[in-house]
Amino acid sequence: MAGNSLVLPIVLWGRKAPTHCISAVLLTDDGATIVTGCHDGQICLWDLSGELEVTPRALLFGHTASITCLSKACASSDKQYIVSASESGEMCLWDVNDGRCIEFTKLACTHTGIQFYQFSVANQREGRLLCHGHYPEILVVDATSLEVLYSLVSKISPDWISSMSIIRSHRTQEDTVVALSVTGILKVWIVTSEISGMQDTEPIFEEESKPIYCQNCQTISFCAFTQRSLLVVCSKYWRVFDAGDYSLLCSGPSENGQTWTGGDFVSADKVIIWTENGQSYIYKLPASCLPASDSFRSDVGKAVENLIPPVQHSLLHRTDKESLICPPVTRFFYGCRESLHKLLIQGDSSGRLNIWNISDTPDKQEGLAMTTSVSLQEAFDKLNPCPAGIIDQLSVIPSSNEPLKVTASVYIPAHGRLVCGREDGSIIIVPATQTAIVQLLQGEHTLRRGWPPHRTLRGHRNKVTCLLYPHQVSARYDQRYLISGGVDFSVIIWDIFSGEMKHIFCVHGGEMTQLLVPPENCSARVQHCICSVASDHSVGLLSLREKKCIMLASRHLFPIQVIKWRPSDDYLVVGCSDGSVYVWQMDTGALDRCVMGITAVEILNACDEAVPAAVDSLSHPAVNLKQAMTRRSLAALKNMAHQKLQTLATNLLAPEASDKGNLPKYSHNALMVQAIKTNLTDPDIHVLFFDVEALIIQLLTEEASRPNTALISPENLQKASGSSDKGGSFLTGKRAAVLFQQVKETIKENIKEHLLDDEEEGEEIMRQRREESDPEYRASKSKPLTLLEYNLTMDTAKLFMSCLHAWGLNEFLDEVCLDRLGMLKPHCTVLFGLLSRGGHMSLMLPGYSQAACKLSHGKAEVGRKLPASEGAGKGTYGVSRAVTTQHLLSIISLANTLMSMTNATFIGDHMKKGPTRPPRPSTPDLSKARGSPPTSSNIVQGQIKQGWSQLAAMHCVMLPDLLGLDKFRPPLLEMLARRWQDRCLEVREAAQALLLAELRRIEQAGRKEAIDAWAPYLPQYMDHVISQCQSYGA
């Protein structure tokens, strides 16, 4: 995994499945997984069982534009790699087993088709990807590094290639690439293994170029059964050619004026052709097309009208007659399973997969029934309980069984609050960990109505479309202000501490689509503004200080796609969807110029050079998500300034920019909540990102500051504990300095890393002074945000540990976890994700758990006895090796951290931040453990420590035996080895313990296998002294 951080996503999908308008379909070689790409840029993995049942397994995020093609990228059976390409030129190599992104690149050209080609060079099998698309050649790309090696170029009339096919020759070492250009010219290239073995060679020119007069070619495919025929499908007719000399054998017109979109050979004498509206026709070819028959090629040379026509054999109907936004994508595959399946798979704009099994077509005229049909939404609806949304319990509508949809969200990490705007115009502020606990874990809280305590803001008449908390992006904004935009054309400023509406802007003539923050180096007046974008193609600068609109740019003819800034020239640059760029003066509101073409592109690029962080793209939710994951904004770095005691301590470990690779920048909050939309019309999906390292550091920091509470008088403590920030009491004067010094020293011991920069200390002192001098600022600081204050760090740890623990394997340990440690059991399957290179992410879909449970229990009656919560904890260790590695590292390092703390239990009064209350009779009084503890409390401490120790031991050593190897995917040795020198001591120790345990488990044979697998990558020299010693020893 790129970057050093250990970040685990947990996803809450909500009841509505994400929009998945399918644009590409692929069946993996083993026939067990269907991969679909969609127009919004996501890729869905579906599990296909032997009985042709389909369950969606995971959704992969990373592309920013529509997926144009998918292809396999590896021929070995142990690695299931696929490659995907999008309209914006991105290519990604994915591991289908766990949804990891192995490699990614971006080319300047768009691919419309990719074919995998494998050849052998001196016992080494190498893979190549042959790509064609919106460029006049075929690019040959390395299948592992995604580098362009060389290209196949045309001498005669070069043009875009509309389709191609690779003809493998068994007799010679030469393979033929046959391609058809957009203008109907057939091109032939000869590719030998010698050429393929060479890299960066000269381009290869075509061997043959022949016009075959096929206009609007859709696909070209080679018959694997006879090795002699080529099928070319055009929009109005399809033709079969002899692959030897490309002479025409047979032609078929379109049925009822429909448009053909593709076809393939089903057997030596049958072809299947499909249309734009999703119907498929099987035709029987005449004898003159079959090499085995005597009359083969008897029609060659005749005019198209005189050829023997093919006979329509059977027809495959779509059963549902729902209207589709765009044509469905149909592909034919024949799998290499024990029973040879011939499957026609079709994906459509509603996220539905239809499958026909064509293996046993009867020789009759009637239609063939569909074998399987399932859509993402159906998979969601089948589940019991329904997939939870983040605030479902607060969004119940009495008359409907569907909760209110969340249409906009923003997370405020400093307060641990999630702000959700809903479709009825109300905005809810709720503690993120508390509401996630309600959705995922079982406990007394699930019975309470309206839990957790929350605040509702009402002001919008209809759907809330965007939310912004400016203080999080830049500390120059007042931390009270929350900004919301709605469908009712208005932008509202809220005070989050008092819940009152401060101002309404009604300056736009369309619904709000985005709210942005101008960069730091703008003029003083613009610095206190936010930028609003509306669907009437207007952009406004709204001043939060003056409570008025200081500029409205509203003469754009097309939808706004991107906003950039040129603060040095006082310019606001607006890019529209037609490629035009408008340059506005911010101070005067005058339109400076409007440009098109190459000048427009240059202006946008010049803005990037000026301020790389100030780009905000509005084109697509997937783009915004990708940028949120990969962009490292200056604002996020400035955000450090207003973090308090804990976060300052956390920053001791803040890495340099390069150290973190492209991982999301979470400015070291243990929990981040990111709302993602796959499509603009969808409700929000919420992903909770847990940063294990940040959580460990925050736990240790709180532990470090705890023994010194004796220095602070109880009155002061109570006063401070009402403060809204999570960072412990923020005190002025000598006491704070003493406390800060002690925390620093303890952190020195705990974390053994470099200490605070002077600059950050300076900022802290400045803020102290500001707080003393500015009464309004101080008032806003001390107001509590909601009714209930709680310990954010411990709450985050509680939620995370409860989700990660493998429940139901050791009853005694489960009881200890519930009673002593205060963990809670999940009441539904927790859906984890996996972050990989460059912010690419895979998220498990809710249907997957059911399929996993079926596999794991085997017998139906056992499965029936188990409630949903029983299967909930175990599922995650059978997903994939990479997921197991991440989860075990996280749970062991956190358990060890909690074991080293005093009073590390999730029960008791220390979980709240408010003034101490008398303990409830039901829970043991653990709050005394802080002061001079009595002996009984020492015993309790011992039991708690022992509980964490047993938990760590079970996950480190005993999991494979408890789960059985069929349900346990062991951790990856290379991922553990990479963390052997991790900068976080706890993660390092967990990785070392896990690696040693895994090496012991695989025994000598497994260790030898691992060495053999990695040996080719080792340097080829030998230390003579060592080798001699070995020979003597032998």
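Before reading on, note that the structure itself is shown above.
To keep things clear, this report deals only with the structure shown in the data block.

Reading guide: rules and limits
Residues numbered from 1 in each chain as written. Predicted model: local features only at pLDDT ≥ 70, side-chain atom pairs only at ≥ 80, totals over all residues. Heavy atoms only, no water. Helix = DSSP H or I, 4+ residues; strand = E, 2+ residues; numbered from the N terminus. Buried < 20%, exposed > 50% of the residue type's maximum accessible area, 1.4 Å probe, protein only. Contact = heavy atoms within 4.5 Å. Areas by Shrake-Rupley, 256 points an atom, 1.4 Å probe, with all protein chains shown as cover. Arc of directions from axis to C-beta. Polar contact = N/O pair within 3.5 Å; in protein donor to acceptor, adjacent residues only side chain to side chain. Salt bridge = Lys/Arg side-chain N within 4 Å of Asp/Glu carboxyl O. Pairing = 2+ DSSP bridges. Axes fitted to C-alpha atoms, helices over the stretch in contact; angles between N-to-C directions. Phe/Tyr/Trp six-rings, centres within 6.5 Å; stacked < 30°, edge-to-face > 60°. Lys NZ or Arg CZ within 6 Å of the ring centre and 35° of its normal. Parallel < 35°, antiparallel > 145°, perpendicular 65-115°, else oblique. Left-handed = near helix turned anticlockwise from the far one by under 90°. Nonpolar A, V, L, I, M, F, W, Y, C, P; charged D, E, K, R; others polar. Expected span 1.5 Å × (residues − 1). Bend = angle between axes of the 7 residues up to and from the residue.

## What about the overall build of the protein?
Along its length, the protein carries 24 helices and 51 strands. Across the 1034 residues that make up the protein, the buried fraction comes to 57%. Pairs at least 24 apart in sequence give 59% of the contacts found in the protein among residues at least 6 apart. Carbon and sulfur atoms make up 53% of the accessible area of the protein, which amounts to about 43000 Å² in all.

## Focus on helix 16 (residues 811-819)
Within helix 16, burial applies to Leu-813, Asp-814, Val-816 and Cys-817. Looking down the long axis of helix 16, one finds its buried residues gathered within 160° of arc, a one-sided arrangement. Exposed and facing more than 90 degrees away from the buried side of helix 16 are Glu-811, Phe-812 and Asp-819. The opening residue of helix 16, the one whose side-chain oxygen lies 3.2 Å from the backbone nitrogen of Phe-812, is Asn-810.

## With respect to the pattern of salt bridges
Close approach of charged atoms allows side chains of opposite charge to pair. Counted by the stated rule, this structure contains 25 salt bridges. Here Lys-16 and Asp-682 are joined by a salt bridge, their closest N and O atoms 3.7 Å apart. Of this pair, Lys-16 sits in the loop between strand 1 (7-12) and strand 2 (22-27) while Asp-682 is found in the loop between strand 48 (671-676) and strand 49 (685-691), placing the two residues 666 residues apart along the sequence. Given the relative accessible area of 33%, Lys-16 is considered partly exposed. Given the relative accessible area of 4%, Asp-682 is considered buried. As a salt-bridge pair, Lys-187 and Glu-206 come within 3.6 Å of each other at their nearest N and O atoms. Remark: Glu-206 occurs in the loop between strand 17 (204-205) and strand 18 (208-211) and Lys-187 occurs in strand 16 (residues 185-192); sequence separation between them is 19 residues.

## Concerning the sheet that holds strand 32 (residues 417-422)
Backbone hydrogen bonds hold the strands of a sheet together, and the pairing may be parallel or antiparallel. The strand order 31-32-33-34 describes an open sheet built from 4 strands, whose pairing is antiparallel. The open sheet has two free edges, formed respectively by strand 31 (406-412) and strand 34 (455-458), since each of these has just one partner strand. Put simply, the sheet's adjacent strands are angled 20° from each other on average, direction ignored. Inspection of the sheet shows strand 31 paired to strand 32 by 6 bridges, in the antiparallel sense. Pairing of Ala-408 across the sheet is with Gly-421, part of strand 32. Of the strands in this sheet, strand 31, strand 32 and strand 33 (426-431) touch helix 3 (residues 432-440), which is tilted by about 90° from strand 33.

## A look at the environment of Ala-590
Along the chain, the position of Ala-590 falls in the loop between strand 45 (581-585) and strand 46 (591-595). Exposure remark for Ala-590: the relative accessible area of 32% places this residue in the partly exposed category. Measuring from C-alpha to C-alpha, the distance between Ala-590 and Leu-552 comes to 9.6 Å, with 38 residues separating the pair along the chain. Apart from the residues within four sequence positions on either side, Ala-590 is in contact with Val-583, Trp-584 and Gln-585.

## So, unusual backbone geometry
One non-glycine residue, Leu-146, adopts positive backbone phi at about 60°. With respect to the element layout, Leu-146 can be found in the loop between strand 12 (135-142) and strand 13 (148-153). Unlike most non-glycine residues, Tyr-246 shows phi in positive territory, near 60°. For Tyr-246, a relative accessible area of 6% corresponds to the buried category.

## Some details on the packing of aromatic side chains
The full count for this structure, using the stated rule, is 7 aromatic pairs. Judged by centre distance (4.5 Å) and plane angle (10°), the rings of Phe-690 and Phe-800 are stacked. Taken together, the positions of Phe-690 in strand 49 and Phe-800 in helix 15 (residues 792-804) put the pair 110 residues apart, joining distant regions of the chain. Chaining the aromatic ring pairs together yields one cluster made of Trp-238, Trp-260, Tyr-281 and Tyr-283. Over the face of the ring belonging to Phe-205 we find Lys-155, whose NZ or CZ atom lies 5.1 Å from the ring centre.

## A closer look at the sheet that holds strand 21 (residues 237-242)
Taken together, 4 strands build an open sheet; the order of strands is 19-20-21-22 and the sheet is antiparallel. Two strands close off the open sheet at either side, each with one partner strand: strand 19 (217-222) and strand 22 (248-253). Within the sheet, the average angular offset between the axes of one strand and its neighbour, ignoring direction, is 15°. Both strand 20 (residues 229-234) and strand 21 contribute to a ladder of 5 bridges, which runs antiparallel. The partner of Leu-230 across the bridge, within strand 21, is Phe-241.

## Examining the pairing of strand 22
Two faces make up the sheet, and in a regular strand the side chains alternate between them. With 5 of 6 residues buried, strand 22 lies mostly within the body of the structure. Of the pairings in the sheet, the one linking strand 21 to strand 22 comprises 5 bridges and is antiparallel in character. Pairing of Arg-239 across the sheet is with Ser-251, part of strand 22. Here strand 21 folds back onto strand 22, and the loop between the two strands holds 5 residues, one of which, Tyr-246, carries a positive phi near 60°.

## Here's the deal with the packing of helix 20 (residues 881-899) against helix 23 (residues 985-1014)
Running from N to C, helix 20 and helix 23 point in directions that differ by 120°, and their axes come no closer than 8 Å. It follows that helix 20 is oblique to helix 23 by the angle criterion. The way helix 20 lies across helix 23 gives a crossing that is right-handed. Judged by residue contacts, Leu-888, Leu-889, Ile-892, Ser-893 and Thr-897 of helix 20 engage Glu-986, Val-987, Ala-990, Ala-991 and Leu-994 from helix 23. Residues that form the contact of helix 20 with helix 23 fall into these classes: 7 nonpolar, 2 polar and 1 charged.

## Quick word on the side chain of Thr-435
Counting through the fold element by element, Thr-435 comes out in helix 3. A residue is classified by how much of its surface remains accessible, and Thr-435, at 0% relative accessible area, is buried.

## Observations regarding helix 23
A rise of 1.5 Å per residue sets the reference length of helix 23, with its 30 residues, at 44 Å; its end C-alpha atoms lie only 27 Å apart and thus fall more than 12% short of the reference. At Glu-1003, helix 23 shows its maximal bend, which comes to roughly 110°. If you check which residues of helix 23 are buried, you get Glu-986, Val-987, Ala-990, Ala-991, Leu-994, Leu-995, Ala-997, Glu-998 and Gly-1006.

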